[in-house]
Every structure is written in structure tokens, then in C-alpha cells.
Amino acid sequence: MKNFALIGAAGYIAPRHMRAIVDTGHRLAVAYDVNDSVGIIDSLAPQAEFFTEFERFYEHAQVLRRAPEAALNYVAVCSPNYLHHAHIAAGLRLGADVICEKPLVPTPGLLDELARVEQETGKRVFNILQLRHHDAILQLREKAAAAPADTKFDVELTYITSRGKWYAESWKGDPRKSFGVATNIGVHFFDMLHFVFGQLQANVVHFSGEAKAAGYLEYERARVRWFLSIDANDLPDEVKGKKTTFRNIDISGEQLEFSEGFTDLHTVSYREILAGRGYGLADARHCIETVDVIRAARVQAATADAHPFVRRLAG
């Protein structure tokens, strides 16, 4: 049985990590969060130690290292995006492997820095890239691989997930902490597109704002028009008032249906990591490079390659 620590225990995604730890037969030994709304721990790991100050958490983890049976084997990082790098490095220096949510870090430079800390500590960083384990995505990857070598699929990706006023007041609404919409909610999809369609060949931004972003990506096997938004006003008329989220991926005229099958993907990811088949820094590099370019890119006028929602925004 492995010993786990969890950093960011009060966040939205933390319960999936707790469940994955328990469901894979391991032990959540200690958790940390600046907020104390972590009652979920009672149903999953009631004996876990809990701290609201990082210094106390870190010292406790150092003490655990004195006894091999109690020392941490893994640190799971679910903290706000801008803290990932510091918390990953701390976990590695505690003598543990680290499992972190996306986006791992905002820039390739910080990815290189984590690689140095891996070398210094002899420990590894793993990124949760759960869409790579989704059956529909795996089937799409097989379809793309089986297509003639000169085939390029035409993909239209639309993801609108409405957020209320609270979002702007939280760390997620601060681009210095979340790194913006394209990074915060888009990095999952950009990793999936690379996983399915190969290396990125072109990256153009057609719109960039606090609540939405859009652009064009060309991969070895696909041309992708993408639109991401947290603004309910962008929901299609047929969805408004009925649903708060709209997800649509059209691939050369066929809809990719993957609205189901998400609930256990963190557990699948943990099983793969524990079996030595986890996704590490090199696997995360492509999507990190993609969002890094998107954040810095100069917005270009919408052309035929632009997502249709961009043309709608332009009136």
C-alpha cells in the first residue's frame, strides 16, 4: 500500500483524486488546503492528517520520511494553476513522485525547470491527461491512424461552459493565476487533439478575451477550428435556458460523442501511473507549448479558417 498526500484538498477536482487513491487500494495519509471545507475526506480517508498552513504540512511530511513505512510515496497536486510548479517541486523534494492536474505549468521553461528537479531528486512528475484514456478518444485515434496517410480531417471544436459572477472573483478569473480561458479549460482539448492527430503545424488566434478565445490549429492529420467560452451568451439558441454547457466536436461531418465515460478516468489514470505507464513531462510538453503560444499570439483577423462563432461575434 502506497502513502499519498494531497495538496489542494478543497478544490473541485480533489474528490476525484481522493477516490482514485482509495479505489486503487492505497492510503491518503495527509492533505493540505488553505480552506477547510474538506468534509469529503470523512467518507474516503477519515484518518488522514489535515493542515491549512503549508509550512506545517511540509514539516509533517518531512517527519514521515524518518519511517520507511510512513514516508510519502506520492503527492497529488490539485491546487490553483499558478501554484502547480511550486507544489510539484515541493513534492519531489519530499522524496515522492508527483501526480498533478492540468495545466501542469504555464510555460516550457518551467517544464524544463521541473525536469531539473526530477534529476536532482530522482523522482518523477506525472500529469493527469485523462482524455487519453477515454474510449471514444481512443477509437478516434485508431480511425485517424487507419486513414490514408494524406488524409487531413476537418475538425470543429466548440466548448462553452457557463460560469457565474463568482468565477471572476476567484483565482480562475485572474489570468495571472489561471493563465486565461484557453489554458484553463482548453489545455485538455489541445492535448487530446495532439494525441489523436499528431504534431502541431500551425497555431493562429482569431479571438482572445477574458471570457472566450478562438483560433485555428493545424496538425499532421487535422485542420481544427476551435472556440472556448465561459460566457452563457455564447450558448446556441437551442441550448439556452436548458443547459449551461455545450460541447461539440465535429470531425469531417461526424459528431464525436464523448459526453459519457468521464467519471472513472482519474482512477484509470492512477492505475496506469502506479503500473509504470503514466504520462510524464515529455508527454505534457506539446499542450503546454500550444497554450503558451496562444497566450502570446497576436490576434489575427478572422478568415475562412475561423470558427463560425467568431464571425458571429463580429456581427
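Up top is the structure these notes are about.
In this report, the structure presented in the accompanying data block is examined. (Residues numbered from 1 in each chain as written. Predicted model: local features only at pLDDT ≥ 70, side-chain atom pairs only at ≥ 80, totals over all residues. Heavy atoms only, no water.)

### Comments concerning the packing of helix H6 (residues 135-146) against helix H10 (residues 187-197)
And step 1. The geometry of H6 relative to H10 is characterised by a closest axis approach of 8 Å and an angle of 40 degrees between their N-to-C directions. With respect to each other, H6 and H10 are oriented oblique. Only Met192, Phe195, Val196 and Phe197 of H10 make contact with H6, whose side of the interface consists of Ile137, Leu138, Leu140, Arg141 and Ala144.
And step 2. Of the residues that constitute the contact of H6 with H10, the class distribution is eight nonpolar, no polar and one charged. (Axes fitted to C-alpha atoms, helices over the stretch in contact; angles between N-to-C directions. Helix = DSSP H or I, 4+ residues; strand = E, 2+ residues; numbered from the N terminus. Parallel < 35°, antiparallel > 145°, perpendicular 65-115°, else oblique. Contact = heavy atoms within 4.5 Å. Nonpolar A, V, L, I, M, F, W, Y, C, P; charged D, E, K, R; others polar.)

### Here we look at helix H1 (residues 14-23)
And step 1. Along H1, the residues that are buried comprise Ala14, His17, Met18, Ala20 and Ile21. All buried residues of H1 lie within an arc of 160 degrees about the axis, which places them on one face of the element.
And step 2. Next to the buried residues of H1 lie strand S1 (3-7), strand S2 (27-32), helix H2 (41-44), strand S4 (74-77), strand S5 (97-100) and helix H11 (265-274).
And step 3. Just downstream of H1, Gly25 is the residue with a positive phi angle, here 85 degrees. (Buried < 20%, exposed > 50% of the residue type's maximum accessible area, 1.4 Å probe, protein only. Arc of directions from axis to C-beta.)

### Remarks on the sheet that holds strand S10 (residues 222-229)
And step 1. An order of S8-S9-S10-S7-S11-S12 is seen for the six strands of this open sheet, with the pairing classed as mixed. Only two strands of the sheet have a single partner each, and these edge strands are strand S8 (200-208) and strand S12 (254-255).
And step 2. Relative to strand S11 (residues 245-251), strand S7 (residues 153-161) is paired through seven bridges, and the arrangement is antiparallel. Bridging from a neighbouring strand, Tyr159 pairs with Arg247 of S11. (Pairing = 2+ DSSP bridges.)

### Topic: the environment of Asn233
And step 1. Here Asn233 lies in the loop between S10 and S11.
And step 2. The spacing of Asn233 and Lys143 is 90 residues in sequence and 35 Å in space, taken between C-alpha atoms.

### What about the packing of aromatic side chains?
Aromatic rings considered in pairs are described by the distance between their centres and by the relative angle of their planes.
And step 1. Within this structure, the stated rule accounts for 11 aromatic pairs.
And step 2. Both rings, one in Tyr32 and one in Phe54, keep their centres 5.4 Å apart while their planes meet at 75 degrees; by these two values the pair is edge-to-face. You can see Tyr32 sitting in strand S2 and its partner Phe54 sitting in helix H3 (residues 54-64), a full 22 residues away along the chain.
And step 3. Grouped by ring-pair contacts, the aromatic residues Tyr32, Phe54, Phe57 and Tyr58 constitute a single cluster.
And step 4. The side chain of Arg132 reaches across the aromatic face of Tyr279, ending 4.6 Å from its centre.
And step 5. Seen from the ring of Phe309, Arg312 lies directly overhead, with NZ or CZ sitting 4.2 Å from the centre. (Phe/Tyr/Trp six-rings, centres within 6.5 Å; stacked < 30°, edge-to-face > 60°. Lys NZ or Arg CZ within 6 Å of the ring centre and 35° of its normal.)

### A short note on the environment of Cys287
And step 1. Secondary-structure assignment places Cys287 in helix H12 (residues 281-296).
And step 2. Cys287 gets classed as buried once you look at its relative accessible area, which sits at 1%.
And step 3. For the pair Cys287 and Lys102, spaced 185 residues apart in the sequence, the C-alpha separation amounts to 9.8 Å.
And step 4. Residues contacting Cys287, with those up to four places away along its chain left out, are Val187, Phe190 and Asp191.

### Some details on the pattern of salt bridges
And step 1. Within this structure, the stated rule accounts for 18 salt bridges.
And step 2. Residue Asp23 pairs with Arg19 through a salt bridge whose shortest N-O separation is 3.6 Å. In this pair, Asp23 and Arg19 both sit in helix H1, four residues apart, roughly one turn of the helix.
And step 3. Exposure remark for Asp23: the relative accessible area of 37% places this residue in the partly exposed category.
And step 4. Across the pair Glu101 and Lys102 runs a salt bridge, and its minimum N-O distance is 3.9 Å.
And step 5. Using a relative accessible area of 7% as the deciding quantity, one classes Glu101 as buried.
And step 6. By relative accessible area, Lys102 is classed as buried at 7%.
And step 7. When salt bridges with common partners are traced through the structure, they connect Asp112, Arg285 and Glu289 into a single cluster. (Salt bridge = Lys/Arg side-chain N within 4 Å of Asp/Glu carboxyl O.)

### As for the packing of helix H4 (residues 84-93) against helix H5 (residues 108-121)
Helix packing for two helices is described by the angle between their axes and how far apart those axes are.
And step 1. Between H4 and H5, the shortest axis-to-axis distance is 9 Å and the interhelical angle comes to 10 degrees. With respect to each other, H4 and H5 are oriented roughly parallel. Only Leu110, Glu113, Leu114, Val117, Glu118, Glu120 and Thr121 of H5 make contact with H4, whose side of the interface consists of His85, Ile88, Ala89, Leu92 and Arg93.

### So, the nonpolar core
And step 1. With 67 residues, the main nonpolar core has Phe197 and Trp226 as its most contacted residues.
And step 2. Looking at which element gives the most residues to this core, the answer is H10, with eight residues.
And step 3. When near neighbours in sequence (up to four residues on either side) are disregarded, Phe197 contacts Leu140, Ala144, Phe153, Val155, Tyr219, Glu220, Arg221 and Ala222.
And step 4. Core analysis: the second largest hydrophobic core is formed by 23 residues, Met18, Leu28, Val38 and Cys78 among them. (Core = buried A, V, L, I, M, F, W, Y, C linked by side-chain atoms within 4.5 Å.)

### Points about the sheet that holds strand S6 (residues 125-127)
Note on sheets: strands pair through backbone hydrogen bonds, and any given pair is parallel or antiparallel.
And step 1. Spatial ordering of the open sheet is given by S3-S2-S1-S4-S5-S6, a layout of six strands whose pairing is parallel. Only two strands of the sheet have a single neighbouring strand rather than two, namely strand S3 (49-51) and S6. When strand polarity is set aside, the average angle formed by the axes of neighbouring strands in this sheet is 20 degrees.
And step 2. With five bridges joining them, S1 and S2 adopt parallel strand pairing. Directly across from Ile7, in S2, lies its bridge partner Tyr32.
And step 3. The sheet contacts of H1 involve S1, S2, S4 and S5, and relative to S1 the element is tilted by about 180 degrees.

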